[in-house]
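These are the residues of each chain, in order.
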Amino acid sequence: MYKPYKSEFHIRFGKHLKETIKSRGYKISQFAKLSNITYSALYHYIKGHSEPNVKTLIRMCRVLQVSVDDILLFEKKDG
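To start, this report covers the structure provided alongside it. Not measured: the values here are computed from a predicted model.

The rules behind each value
- Residues numbered from 1 in each chain as written.
- Predicted model: local features only at pLDDT ≥ 70, side-chain atom pairs only at ≥ 80, totals over all residues.
- Heavy atoms only, no water.
- Helix = DSSP H or I, 4+ residues; strand = E, 2+ residues; numbered from the N terminus.
- Buried < 20%, exposed > 50% of the residue type's maximum accessible area, 1.4 Å probe, protein only.
- Contact = heavy atoms within 4.5 Å.
- Areas by Shrake-Rupley, 256 points an atom, 1.4 Å probe, with all protein chains shown as cover.
- Patch = residues over 30% accessible without salt bridge, like charges linked within 9 Å, V, L, I, M, F, W, Y side chains within 5 Å.
- Salt bridge = Lys/Arg side-chain N within 4 Å of Asp/Glu carboxyl O.

Another aspect to go through is the overall build of the protein. When helices and strands are counted, the protein shows 6 helices and 0 strands. Helices (α) and strands (β) of the protein occur, in sequence order from the N terminus, as α-α-α-α-α-α. Looking at the protein as a whole, 34% of its 79 residues qualify as buried. When contacts within the protein are restricted to residue pairs at least 6 apart in sequence, long-range pairs at least 24 apart make up 59% of them. Surface summary for the protein: the accessible area is close to 5,500 Å², and the carbon and sulfur share equals 53%.

Set out below in structure tokens:
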């Protein structure tokens, strides 16, 4: 049985992504549609089961109107 690998980075990235989506006023399903990704894929990013490829990451950042740095360098903000 496939068991996804969850690193601390993936878990924190997922939490930060979810917080950013909500802070921009999007529902998860709405954001997935606007970002042209499946709800299932977004769920896996948020839960830390997987990570988006570069093209997907850039699309998500465009919808959120944030830089890639804002999404990936969350650790500096979290402390």
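Taken together, Phe 9, Val 54, Ile 58, Val 68, Leu 72 and Leu 73 make up a surface patch of nonpolar side chains, about 440 Å² in accessible area. Within the element layout of this structure, Leu 72 appears in helix α5 (residues 68-72). With a relative accessible area of 32%, Leu 72 lands in the partly exposed category.

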